[in-house]
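Residue-level listing of the chains:
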Number of protein chains: 2
Amino acid sequence: MSQTFFIVGGIAICLLGFVVTAFLYRWVKKQPSGNEKVESIGALIKKGANTFLIKEYSVLAKFAGVVSTVIFVLLPSPIWQGDFLTNLGERLLMVLAYIFGTAFSCLAGKLGITIATIANVKTAEAAKNGISRSFLCGFRGGAVMGLAVVGSSLLGISLLFLATGNATLLLGFSFGASSLALFAKAGGGIFTKTADISADIVGKVELGIPEDDPRNPAVIADNVGDNVGDVAGMGADLFDSHVASMAAALVMATALGGANNVMMVFCYAALGLLSSIIGIGMARMGKKDNPGRALNASTYITTALFCALSAIATFAFDFEWRIWGASILGLIVGVIIGVATDYFTNDERKPVRNVAKASESGPAFTILSGISYGFWSALPAMVGIGLSALGAYLLCDPIGAGYGMFGISMAAVGMLSIVGMIISNDAYGPIVDNARGLAEMGGLGEDVLEITDKLDSAGNTVKAITKGFSIGAAGLTVIALLGAFVSEVNTAAGQVVIQSFDIMNPLVFFGMLVGAAIPAVFSAIQILGVDRNAQRMVAEIHRQFEEIPGLKEGKENVMPEYDKCITIGTNGALKELISAGLFAIISTIAVGFIGGVQAIGGYLAGNIISGLLLALFMSNSGGLWDNSKKYIESGNHGGKGSNAHKSAVVGDTVGDPFKDTAGPSINTQITVVSLVATLMGTLFLAFSIF
Amino acid sequence: MSQTFFIVGGIAICLLGFVVTAFLYRWVKKQPSGNEKVESIGALIKKGANTFLIKEYSVLAKFAGVVSTVIFVLLPSPIWQGDFLTNLGERLLMVLAYIFGTAFSCLAGKLGITIATIANVKTAEAAKNGISRSFLCGFRGGAVMGLAVVGSSLLGISLLFLATGNATLLLGFSFGASSLALFAKAGGGIFTKTADISADIVGKVELGIPEDDPRNPAVIADNVGDNVGDVAGMGADLFDSHVASMAAALVMATALGGANNVMMVFCYAALGLLSSIIGIGMARMGKKDNPGRALNASTYITTALFCALSAIATFAFDFEWRIWGASILGLIVGVIIGVATDYFTNDERKPVRNVAKASESGPAFTILSGISYGFWSALPAMVGIGLSALGAYLLCDPIGAGYGMFGISMAAVGMLSIVGMIISNDAYGPIVDNARGLAEMGGLGEDVLEITDKLDSAGNTVKAITKGFSIGAAGLTVIALLGAFVSEVNTAAGQVVIQSFDIMNPLVFFGMLVGAAIPAVFSAIQILGVDRNAQRMVAEIHRQFEEIPGLKEGKENVMPEYDKCITIGTNGALKELISAGLFAIISTIAVGFIGGVQAIGGYLAGNIISGLLLALFMSNSGGLWDNSKKYIESGNHGGKGSNAHKSAVVGDTVGDPFKDTAGPSINTQITVVSLVATLMGTLFLAFSIF
């Protein structure tokens, strides 16, 4: 069996994935669309989402242009050093890999948004005929996104590696993917919360009109936000993690030399995609079933399938069992982290219940107890990531020098193997959430609303698990990237220049301290950005209510200018995001040129550790506040309108940018920073002050 | 010049310090006491504070008993290994050193509380005759605490080292000091916020009576809280840091071997105390002066004096100039961190103003913007600590092997040299705060209130600087303790068993991940503890209002049972604190026995980094919310009673346990964990799983 065999096999499975994607896409599209009103609102959402994407991608194009130039000038070595022509090819290839990375991720995002804005309408309509079909509409819509993301990630890497055999280029591809993820995740996150908060402030608070009232100029922006933040953003984030984990593993595999290692990476990734395809195909729910259970069941099936298929492959191709063990360990720990995370956001457990109870004493207690449980929630995941990295290392270390770190990267590959399934579950959430909104705005009646509510609440539970999973995966991936960083610098220098990063070395410690502060500031910039952006949008909503005659009174045929709100939200989001992104990138470069590779090693470690801590804290406390509010709304502690509810609403508003803006984009920040450091490692080595 | 000369010189300066302390104590005590009502309330506060201290110290005694037994059994080596009698002396000495550490810290705390509960009455009365004398009463009361703390720290270390010449024993002494600090800081912090919140909930919110209304059963507990939390707690914390910095420096100095190194440690510490004595003696304010400027002026004088005196000593005794440079670097960076921290909590700067403005949109925005600026505020301090450690290392590294790390410990000694002055400023705060309350409760009139308000607001500003300073100092100290840990383990093993802590070693990384989660959980336990404890106290207040006839109506001669609230608060605080403390200690021991010394190295680094980040975040956001509320109360954004004010109150309530309970006790947690690790290092080496 040659390396090429596995890569081509991987490509074949990608193509199979695309065929299934196309089938699911057509299936969803064929479903009936329902009444005109629903469809016209759906069309507005679709248009808005496209407006956002076009704007985002056009800014991204400029950004990518600048980065491409920088890559061309500096990588693999500064243009002013040596003969320009000798490595011109490598320069161009790196730029190309970078552009490929952004382009593939763009395509997957665009496809996801397209299907999500179709599936929401279909899901709402299908609910008229019962929950099973409505569930399938939502899930298969999500699955289109899931399979497209993993398929394009694997295809991109396979083609690039097949064509060049150069693993370093994959880092460029990965960097492209994470630049896009930064835009999609942070930009989408800022946009979605801007719209959500602005719509609420003017609508619910000032005017006292219902949540999805079509008179509110921000109401479409709010629905658009769900799609660009949760569908496109989360997709880009996991695309990024998937690419990064494979890139890190392949960099180390080629550095280790054995062809078997490279084969394993491709083989396991392809089997992960295959397992996801089968798992997705088997997802069904009976009429009496619970949608949450249906989603979890297909996740467990996928997990079991991957374990079995990868074991068979390991046996058949005589791979190293220890490495197989490492990737299974990663996968299992990922599932465990997800389940542990669920404890903190599940409304049948103590944390959510206690926060709801504390809300009776006022909003300050909602916040204090939520923050406390958020802090607690970081512990199991941090210990889990630590143990899986440790276990994978110890398992693979006996194989030979360098294999311990390779084992960690394979644990990340294992954890991310079922990512197709994970994204499907995750994209299901905003689709059914949107469907619920459409059913309400389109007046589809109580029966339909009851079904969409059920589907929606399952989406929330699954979302918590997905988030824990994706943070865990990012954690392992960036540990692997730290290994890739060392491997890259040493390979480029032609000798072992980095032997270790000693904490007792003050350069390393200095880097750790600075690196640890970055995710905090990165989050702060985004949260303040949401606030600033919301002020702009609120001003626009006020203007429309004043200047458009008949809007406030709800005269027929008077419509607000939805697109103005969308444009303001989009421009603002991109503006705020760029300062956050530049802050992280420039800090990395500054630390690198001041303290050199040793400081960067510490910087990355500090960044990973504090990033994981804050990401877990913010995602989980946000989810917890959301569910506490819902728990009270379902009639506990006085129900809607009670003091406890008012406090819980404050908690939820604080939690929104935590869980949908700052928390999840920290993943991306960590990956971007790791890749910048890895790509510029040799420059830091050559030009640093210390 | 011999080593003994410097130690004896240090002891002489300690004695001078105690003479000045006695003089100041008598001076304050001699001041007039004012009316009966003020004095009787003052007496209640004093009694309550003593109730707390007695209870705290009696629980501590049991805790110390257990720890002493553990130390006796396990240190320097397990009792079942080797000949029992050969190191019986060393065992006993270690236990004795530990007990000394707690006892000295107890004494300093008790003295501080005693003077603070006298000075508050005197300050209130003195305000009748103008601000200058009132300021002096408050400041000199604080200075008694400041000089007592530094004097006993230096005296204890000097005597112990003079008697035994064994630096390892100092770690035992230091561990005693930090056990007490853990009790004083976390226990006092939980107590003070319990009382504060309970008094507010029932008094201001439920009954609508004023803040310091004597009918409220929790009102005395609230005032007691200021003393036990801010005076005794902060004193114990800085005692702990001062001892730890000297212990770490002396461990490394003896390991390095040169007698000069030991001399420098004692010489600089003694000169720091001398500078503080002179600085305190020179503190005055003119009639037109601003009290904040007077406090800052004496801080700067002390700083300048220390620089000059230590330079002269370095010249006269031919010490190493590079090491002098390191300690001055530490001192200067400490001052810079303090000033930078001030930016985020000063009501003339953007952060406080913006949070006040955001409060107009509702409490969620108060919280979100406050958290964001809190995250931002960590950056300058983290970079500052990193740079000073790096600078000190690079400065001293050329002297010889091991001197770089010694340089970092000397930077910590330098930063803490002026700690006598810092504590004086800090203890001034609660004294004038109490004086303000007494003036209000005792009806001393508007003129007096105006003066005490002025004094109080200066206390708040200085407090922010002090906190930044003490976190910075703790940061440097624990880096130095990491060095002491390595030095201890290697010395005990008789060979170099720890060469480095490599981040790429998965044991180290595992330790880092777990260590980083500890401060978050430690904070969460305390915040949830405050919440639970407040519920108990609120129930007691309700009971009293129901069962004591005439209390609610304010009948003459009907008094609430203040002591019951104090007892409930005390018992609850100690209960909650113990679970937090045990969690931190047990986690450390677990990681040590699982992952061995390598994992512990990572664990300490992760703990330090995330601890500093969270401590800075919580202390600064808490201070910022407090000042935003005050800024609104002084008439901005609608003033008292406006919507902005209501939101700001929510922010302040969230900020209270942040800045007075969880945030500042993280310092202590880090130190305790570092010392546990250092003391048990050889056991981890011998008995760990990996």
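Because the structure is a prediction, the values reported are computed rather than measured. (Residues numbered from 1 in each chain as written. Chains lettered and ligands numbered in written order. Predicted model: local features only at pLDDT ≥ 70, side-chain atom pairs only at ≥ 80, totals over all residues. Heavy atoms only, no water.)

Engineer: It is not clear to me how the overall build of chain A should be interpreted in this structure. Could you clarify?
Structural biologist: A count of helices and strands for chain A gives 17 helices and 0 strands. Since a compact globule built from 690 residues should have a radius of gyration of about 26 Å, the 24 Å found for chain A is in line with a globular shape. Across chain A, the 43 positively charged side chains and the 49 negatively charged ones have centroids separated by 4 Å. (Helix = DSSP H or I, 4+ residues; strand = E, 2+ residues; numbered from the N terminus. Rg over C-alpha atoms; globule rule 2.2 N^0.38 Å. Lys, Arg positive; Asp, Glu negative; His and termini not counted. Charge placed at Lys NZ, Arg CZ, Asp CG, Glu CD.)

Engineer: When you look at the pattern of salt bridges in this model, what are you seeing that I'm missing?
Structural biologist: The final tally for this structure, using the stated rule, is 34 salt bridges over all chains. One salt bridge in this structure joins Glu 576 of chain B and Arg 532 of chain B, with 2.9 Å as the shortest N-O distance. Of the two residues, Glu 576 of chain B sits in helix α16 (residues 562–633) while Arg 532 of chain B sits in helix α15 (residues 506–547), which places them 44 residues apart along the sequence. A relative accessible area of 4% means that Glu 576 of chain B is categorised as buried. Three or more residues are tied together by salt bridges with common partners; here these are Lys 193, Asp 196, Asp 626, Lys 630, Asp 656, Lys 659 and Asp 660 of chain A. (Salt bridge = Lys/Arg side-chain N within 4 Å of Asp/Glu carboxyl O. Buried < 20%, exposed > 50% of the residue type's maximum accessible area, 1.4 Å probe, protein only.)

Engineer: Looking at this model, I keep getting lost on the relation of the copies chain B and chain A. Mind explaining?
Structural biologist: Both copies of the chain are tied together by a single rotation about an axis and a shift running along it. Mapping chain B onto chain A leaves a residual RMSD of 0.0 Å; the transformation is a rotation of 180 degrees accompanied by 0.0 Å of translation along its axis. Overall, the copies show the geometry of a two-fold rotation axis. Proximity to the rotation axis, assessed at the C-alpha, singles out Asp 502 of chain B in chain B; its C-alpha lies 2.3 Å from the axis. Comparing interface residues between copies, 100% of those in chain B also lie at the interface in chain A; the contact surface is shared. (Least-squares fit on C-alpha atoms with pLDDT ≥ 70 in both. Contact = heavy atoms within 4.5 Å.)

Engineer: Mind showing me how you'd approach the side chain of Ser 33 of chain A here?
Structural biologist: Residues and elements named next belong to chain A. With respect to the helices and strands, Ser 33 occurs in the loop between α1 (3–30) and α2 (36–74). Side chain to side chain, Ser 33 and Lys 122 meet in a polar contact 2.8 Å long. Aside from chain neighbours lying at most four places away, what touches Ser 33 is Glu 39, Val 121, Lys 122 and Glu 125. (Polar contact = N/O pair within 3.5 Å; in protein donor to acceptor, adjacent residues only side chain to side chain.)

Engineer: Quick question: what am I supposed to make of unusual backbone geometry here?
Structural biologist: It is generally the case that most residues other than glycine have a negative phi and that most peptide bonds are trans. All names here are of chain A. Its identity as a non-glycine residue notwithstanding, Asp 318 has a phi of 60 degrees, on the positive side. Here Asp 318 shows up in the loop between α8 (291–316) and α9 (321–345). Asp 318 sits in the exposed class, given a relative accessible area of 62%.

Engineer: Help me understand the interface of chain B and chain A in this model?
Structural biologist: A common way to express how large an interface is: the accessible area buried when the components associate. Of the residues lining the interface, 72 residues belong to chain B; the matching set on chain A comes to 72 residues. Both faces considered, chain B and chain A share a buried interface measuring about 6200 Å² in area, 89% of it formed by carbon and sulfur atoms. It is Phe 375, Met 504 and Leu 513 of chain B that lose the most area in chain B upon contact with chain A, and together they represent 12% of the buried surface on that side. Seen at the junction of chain B and chain A, the total is 0 salt bridges. (Buried area = accessible area lost by both parts, 1.4 Å probe.)

Engineer: So what exactly am I meant to see when it comes to the environment of Trp 321 of chain B here?
Structural biologist: Residues and elements named next belong to chain B. Tracing the backbone through its elements, the reader meets Trp 321 in helix α9 (residues 321–345). On a C-alpha basis, the gap between Trp 321 and Lys 47 in space is 51 Å, while along the polypeptide they are 274 residues apart. Once you skip the residues sitting within four places of it in the chain, Trp 321 turns out to touch Ala 311, Thr 314 and Phe 315.

Engineer: Can you walk me through the nonpolar core in this structure?
Structural biologist: One finds Phe 485 and Ile 503 of chain A together with Phe 485 and Ile 503 of chain B to be the most contacted residues of the largest nonpolar core, which totals 535 residues. Setting aside its immediate chain neighbours within four residues, Phe 485 of chain B contacts Ile 498, Phe 501, Val 597, Ile 600, Leu 604, Ala 677, Thr 678 and Gly 681 of chain B. (Core = buried A, V, L, I, M, F, W, Y, C linked by side-chain atoms within 4.5 Å.)

Engineer: What am I meant to see in the packing of aromatic side chains here?
Structural biologist: Describing an aromatic ring pair means giving the distance of the ring centres and the angle of the ring planes. Residue and element names in this part refer to chain B. Following the criterion strictly, the structure yields 48 aromatic pairs over all chains and no others. When the ring of Tyr 98 is compared with that of Phe 175, the centres are 5.5 Å apart and the planes differ by 40 degrees; the resulting orientation is tilted. Here Tyr 98, found in helix α3 (residues 88–126), pairs with Phe 175, found in helix α5 (residues 167–207); they are 77 residues apart in sequence, far enough to count as distant. Accessibility classification places Tyr 98 together with Phe 175 in one group, the buried group. (Phe/Tyr/Trp six-rings, centres within 6.5 Å; stacked < 30°, edge-to-face > 60°.)

Engineer: Whenever I open this one, the packing of helix α6 (residues 219–256) of chain A against helix α16 (residues 562–633) of chain A confuses me. Can you help?
Structural biologist: Helix packing for two helices is described by the angle between their axes and how far apart those axes are. Residue and element names in this part refer to chain A. Two numbers describe how α6 lies on α16: the axes approach to 8 Å, and their chain directions differ by 50 degrees. Considering their axes alone, α6 and α16 lie oblique with respect to each other. α16 is crossed by α6, and the crossing has right-handed handedness. Residues Val 219, Ile 220, Ala 221 and Val 224 of α6 pack against Tyr 562, Cys 565 and Ile 566 of α16. (Axes fitted to C-alpha atoms, helices over the stretch in contact; angles between N-to-C directions. Parallel < 35°, antiparallel > 145°, perpendicular 65-115°, else oblique. Left-handed = near helix turned anticlockwise from the far one by under 90°.)

Engineer: For this particular structure, what's the right way to read helix α4 (residues 131–164) of chain B?
Structural biologist: Residues and elements named next belong to chain B. When the terminal C-alpha atoms of α4 are compared, their 49 Å separation across 34 residues agrees well with the 50 Å that a helix rising 1.5 Å per residue should span. In terms of burial, α4 is a largely internal element, 28 of the 34 residues being buried. At the exit of α4 stands Gly 165, carrying a positive phi of roughly 65 degrees. (Expected span 1.5 Å × (residues − 1).)

Engineer: Can you help me understand a nonpolar patch on the surface in this one?
Structural biologist: Residues Leu 394 of chain A together with Ile 594, Ile 689 and Phe 690 of chain B make up a contiguous nonpolar surface patch of roughly 380 Å² in combined accessible area. One can find Ile 689 of chain B in the segment after α17 (643–687). (Patch = residues over 30% accessible without salt bridge, like charges linked within 9 Å, V, L, I, M, F, W, Y side chains within 5 Å. Areas by Shrake-Rupley, 256 points an atom, 1.4 Å probe, with all protein chains shown as cover.)

Engineer: When you look at the side chain of Ser 241 of chain B in this model, what are you seeing that I'm missing?
Structural biologist: Among the structural elements, Ser 241 of chain B can be located in helix α6 (residues 219–256). A residue is classified by how much of its surface remains accessible, and Ser 241 of chain B, at 2% relative accessible area, is buried.

Engineer: How should I be thinking about the confidence of the model for chain A in this particular structure?
Structural biologist: The predicted coordinates of low-pLDDT regions are not to be read in fine detail. On average, residues of chain A score 88 in pLDDT, and 99% of them are at 70 or above. Both scores are available for the predicted complex, with the pTM at 0.92 and the ipTM at 0.91. (pLDDT = per-residue confidence, 0-100.)

Engineer: Got a minute to help me understand the packing of helix α2 (residues 36–74) of chain B against helix α13 (residues 419–441) of chain B in this structure?
Structural biologist: Residues and elements named next belong to chain B. One way to put it is that α2 packs onto α13 with a least axis distance of 9 Å and a crossing angle of 135 degrees. Overall, the two elements α2 and α13 adopt an arrangement that is oblique. Every pair of crossing elements has a handedness; the one defined by α2 and α13 is right-handed. Where α2 abuts α13, its residues Lys 37, Val 38, Ile 41, Gly 42 and Ile 45 lie against Asn 434, Leu 438 and Met 441. Along the lines of polarity and charge, the residues of the contact of α2 with α13 split into 5 nonpolar, 2 polar and 1 charged. (Nonpolar A, V, L, I, M, F, W, Y, C, P; charged D, E, K, R; others polar.)

Engineer: How should I be thinking about the environment of Phe 5 of chain A in this particular structure?
Structural biologist: All names here are of chain A. Within the secondary structure layout, Phe 5 lies in helix α1. Under the relative-accessibility criterion, Phe 5 is labelled partly exposed at 41%. It is 8.5 Å that separates the C-alpha atoms of Phe 5 and Met 263, two residues lying 258 residues apart in sequence.

Engineer: What am I meant to see in the state of the cysteines here?
Structural biologist: This structure, assessed with the given rule, holds 0 disulfides over all chains. Cys 14 of chain A forms no disulfide, and the closest cysteine sulfur to it belongs to Cys 267 of chain A, at a distance of 13 Å. (Disulfide = S-S within 2.5 Å.)

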